[in-house]
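# Breakdown of the fold
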Amino acid sequence: MEPEVSIEGSAMIQVAVLPIGPVPPNSLRDYYSMLLPLHTIPLSAIRSFYTEHQKSPFANQPWDSGFIRFKFVLGGNSPSPWEDFQSHRKTLAVVGLCHCPSSPDLDSVIDQFNASCRSYSSSLVHRCFAFCPNDSQLEEGGRQGGNLRLFPPADRPTLEFHLHTMMQEIAASLLMEFEKWVLQAESSGTILKTPLDSQAGLSSEEVIKAKKRRLGRAQKTIGDYCLLAGSPVDANAHYSTALELCRLTGDYFWYAGALEGSVCALLIDRMGQKDSVVEEEVRYRYNSVILNYKKSQDNTQRVSPITFELEATLKLARFLCRRELAKEVVELLTTAADGAKSLIDASDRLVLYIEIARLYGNLGYQRKAAFFSRQVAQLYLQQENRLAAISAMQVLAMTTKAYHVQSRSSISDHSQKNKGNGDGGKTYHQSAVSLFESQWSTLQMVVLREILLSAVRAGDPLTAWSAAARLLRHYYPLITPAGQNGLANALSNSADRLPPGTRCADPALPFIRLHSFPLLPIQMDIVKRNPSRPDWWAGSAPSGPFIYTPFSKGDPINVKKQELIWVVGEPIQVMVELANPCGFDLRVDSIYLSVHSGNLDAFPMSVKLLPNSSKVITLSGIPTSVGPVTIPGCIVHCFGVITEHLFKEVDNLLLGATQGLVLSDPFRSCGSPKLKNVTVPNISVVPPLPLLISRVVGGDGAIILYEGEIRDIWISLANAGTVAIEQAHISLSGKNQDSVISYSSETLKSCLPLKPGAEVTIRVTLRAWQVGSVDVDAGAGKAVSGSNVRHIKDGSSPSLMIHYAGPLQTTGDTPPNTSTVPPGRRLVVPLQICVLQGLSFVKAQLLSMEFPAHVGENLPKVDDLDSTGHFDSTTNMDKLVKINPSRGSWGLRFLELELSNPTDIAFEINVSIKLDKSSNEGNHSADQDAAEHSYPKTRIDRDCSARVLVPLKHFKLPVLDDSFFMRDNQADGRSTPFSQKNTKAELNACIKSLISRIKVRWHSGRNSSGELNTKDAIQAALQTSIMDVLLPDPLTFMFRLTGHDVESEKPDSDKESNIVESSASRGSVIAHEMTPMEVLVRNNTKDMIKINFNITCRDVAGENCVDGTKATVLWTGVLSDISVEIPPLQQIKHSFCLHFLVPGEYTLLAAAVIDNPSDILRARAKATSPSEPIFCRGPPYHVRVHGTA
């Protein structure tokens, strides 16, 4: 059988193309590629070469529209025994191809060509084409002439034109030879035989029968030559005569041949035009051809014409081969496939299966085509030689697409483009589904195994490695451990026969998936810079210190991929997971990132994987140039070959595993946990940036502070990059930011620009915060160095956030924008503070002391006001002891703080008070420049407690009204009056001012010092007795001696706050003399008060010395049951005289009962019932009486 049979093949002249002498393969390929397109020569183009020696037998030659058709056979064909039956099987022309530089002797070339032509006895025209001759060869060739044709060196178009001209000459020569042969056959006749005739005996009957058939066979052969000459009309006339003669003689075999020729003449005459009438005619005639071939078969003959029947079936199938007639074509091909059993010659079956596979492929039935291609491969493998194995390997390679086991290198460019567009995921997913269809798994393994065996036999180690890799990677769950080891050995053996560094498109093991992109270190964080804003760092601080976190929850609104920025020259890391699901140890010689963009240098590393195990590794590299980075997978050197493993392929493999479409998940089978699919972000590389590195001077460990301790630390900042720092800004972040008292940002800015390698040290002042009660309770029973102290919780320390950037790199006069400006950086310096519990407050309370005033004695004027309105005092201590304007006595207040030291060190406590220099009594805000007064230090040893007394300046509100007792009236729809709000604000300002002026500092050891937070303690102490401390008494009682210098009835508050003695009382009170006195009673409220008060005088024993039988003081006036009404904020004066009989110390007391007290007075007195009487008692006044008894 002949390959590529078709109905039009009967009109093609077979030309043998032979290399003459040594011809380089590349040159031979070029010469053949120039010759192959010249398979059709128009008859009109050969008129100049054609010479009509006598009248042509081709009377209807279509010179204007006809063609001479060639079929070039490289290397030639062996003569066929069926040449007489079908003339197109004859080799009618021989063309030799010679490469003159390799064959300098042209005589030898001609001899070799003539010797080659003798093998083709039926050839009519011989030509030898010699290419690239030199000058001497051109001279010699010109003298020799003959069949040698020289092609001087020229460009390819010139050579093609020259060659086209030579082929026209060959076509004309063949046409003239055909005319001679036809004229000779018509005049003298010829004897035509086939292998069927040679099997007949030599009896006289057979000889007579053969003579009768000779005329019909001659007409059929003449029709063949008419077809070869390009005259279908003449051919059809001779075929009609042959059909009639063969029918009469019963020569069915030649009848079928003549009928085939008539169909070819019909199609040639129609110039390839097809319609339903022609198609039906061809179908009818070829069915008759097939039927007559069957009739000619004789079981007694050793040679069967079954091959012609099968060829006719294939020709009809090829003519009808289109999707609309697929059913009919499939029936014809099925019949042809059944006929293969009757073929004796294996090469005929080989050709038959090849043609059937091609026709199924043309129909689009890829799996049927693949089946018959495998039959072809099986026939090749039965020959047991290397060339047959190569052919089997090539045929099997064509079946891999149908079975979905093709090599990655065979994927078309169109598929590669689809992977890069938006539907790439669908393409990968569909391929994964098709590749792992369970019903095809066994067949796919068989195909790959056949490819492996054929490649090993053919000596193609790369193909063998590829087949073994696909077999092991895709079907390891179906292969036994022994089979897996065998495939591993096949991979190693194939790699041994390959040169080092060989690459293969098909990966083997391990399976590799993208695990994550590690977070950038806090010293390498990158922040986009907006050149239009000088404070580009504002608003750039995220919840964490990184601009990209692969594990963070994505924003459903932002469907764009996340961005990742890398810097030229700075190392990067990518984490991948490797899996070895097979039963042998796997050693990966090297693995590194695959970078298609070419702007990153990846670093290789070696890995060893145990059987059925997985491992997460970190791959690194350094960006080399600016631009986007594409990392589709990894480059792996394993089993001696370099392959590329794509992340996307494994992702779709795992997707198929979750949907039950894949045999097994290699990572789950290795015990690896399920990993969320990681999306590769948009990675871009920016120019080199500065890199600031920080370290704490003295060590990077935790900074251990006691509560309230103040300490300076020094942080060294060095530029480890290659670009200078031109902008820098320091800010705070995290918790407990108020613990950072100050940081020297000006020091850093003064060193700008900070050149590469330069270093600057900044000072940061810290103050330890209070350890929370939760921390203390949780740490009960734990101790550090034998003390009950607590560490802070993680994440409670503040951090210094330093934003810095290099120069603005712009080209020309183009204004900088966000796409051209290099980004800035953010350095987060965590201040790792460990706060230990120091001094603790046990309790705090307010203590008061009163010193009675002396009547008739000039005391030091410690609280007088000078002309400027400021206090004028001789000593700082005197400022704390002063006349109470609301009580008329000397008073001193102490804040007692009980402190406990649970640590293992001793503390010294120092109390200082910022002295008030306010311009008026109502203003309690402390001056920034006020001096401080320090008191003696108090030492508290370890595990001991101590009480610290903090003297307080005595102060009161001037008026007692209802603003202090007001509640929020918002619920009643009433708003608080502005004056009441003012009073409340004054009250709060008093408390805050008092707290702010008191400082309790501690010192321990050489360098440890701090300040106690007394705010809460003082606040609690004042809240418990706030009415006694801040609110004045409703009534104020004051005694004085009367004289000529008597103050007005309504002294203002300033005069009342500075009680002075009259000129009459400058001397001491003398016994046995009548001493005039008076008592001043002041109403400190805004309401009229009606009182009933008494005056009592007591001696040093506390006995009443005015009433009774043993009275030692005589008196005039009223001292008891004195009823008066006092207007609001006014005072009344009541006079009386005392006569002391015995010198000594006496005390004057005044007490009153308030009639019909208001709610304010009851609240001030803390009355429990409405009927309870309200008493008001004044402070004691001392009277020193001089004289003799």
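Residues numbered from 1 in each chain as written. Predicted model: local features only at pLDDT ≥ 70, side-chain atom pairs only at ≥ 80, totals over all residues. Heavy atoms only, no water.

## Details of the environment of Leu655
Tracing the sequence through the fold places Leu655 in helix 20 (residues 647-658). We classify Leu655 as partly exposed; its relative accessible area is 35%. Residues Leu655 and Asp665, ten residues apart in the sequence, show an inter-C-alpha distance of 9.2 Å. (Helix = DSSP H or I, 4+ residues; strand = E, 2+ residues; numbered from the N terminus. Buried < 20%, exposed > 50% of the residue type's maximum accessible area, 1.4 Å probe, protein only.)

## Observations concerning the packing of aromatic side chains
For the structure shown, the criterion picks out 29 aromatic pairs. Geometrically, the ring pair formed by Trp82 and Phe308 is edge-to-face, given 4.7 Å between the ring centres and 75° between the ring planes. Placement of Trp82 in the loop between strand 3 (67-74) and strand 4 (91-99) and of Phe308 in helix 10 (residues 306-320) is noted, with a sequence separation of 226 residues between them. A single burial state applies to Trp82 and to Phe308, both of which are buried. Each ring, one from Phe85 and one from Phe253, has its centre 4.2 Å from the other, and the planes form 25°; the classification is stacked. Taken together, the positions of Phe85 in the loop between strand 3 and strand 4 and Phe253 in helix 8 (residues 252-269) put the pair 168 residues apart, joining distant regions of the chain. Accessibility classification places Phe85 together with Phe253 in one group, the buried group. For the cation-ring pair, Lys220 lies above Phe85, with the distance from its terminal atom to the ring centre recorded as 4.7 Å. If you follow Arg529 out to its NZ or CZ, it ends over the ring of Trp536, 5.9 Å from the centre. (Phe/Tyr/Trp six-rings, centres within 6.5 Å; stacked < 30°, edge-to-face > 60°. Lys NZ or Arg CZ within 6 Å of the ring centre and 35° of its normal.)

## Focus: the sheet that holds strand 26 (residues 798-805)
Within the open sheet, the four strands sit side by side as 9-27-26-23. Their pairing is antiparallel. Of all strands in the sheet, those with a lone pairing partner are strand 9 (525-527) and strand 23 (727-734), marking the two edges. Averaged over all neighbouring strand pairs, the angle between strand axes comes to 30°, with direction disregarded. Across three bridges, strand 9 lies against strand 27 (residues 824-830) in antiparallel orientation. Counted as the bridge partner of Ile526 is Arg825 from strand 27. (Pairing = 2+ DSSP bridges. Axes fitted to C-alpha atoms, helices over the stretch in contact; angles between N-to-C directions.)

## Overview of the pattern of salt bridges
Scanning the entire structure with this criterion turns up 37 salt bridges. Its salt-bridge partner being Glu160, residue Arg156 comes within 3.0 Å of it at the nearest N-O pair. Of the two residues, Arg156 and Glu160 both sit in helix 4 (residues 156-188), four residues apart, roughly one turn of that helix. The class for Glu160 is partly exposed, based on a relative accessible area of 32%. The salt bridge partner of Asp224 is Lys220, with a shortest N-O separation of 2.8 Å. (Salt bridge = Lys/Arg side-chain N within 4 Å of Asp/Glu carboxyl O.)

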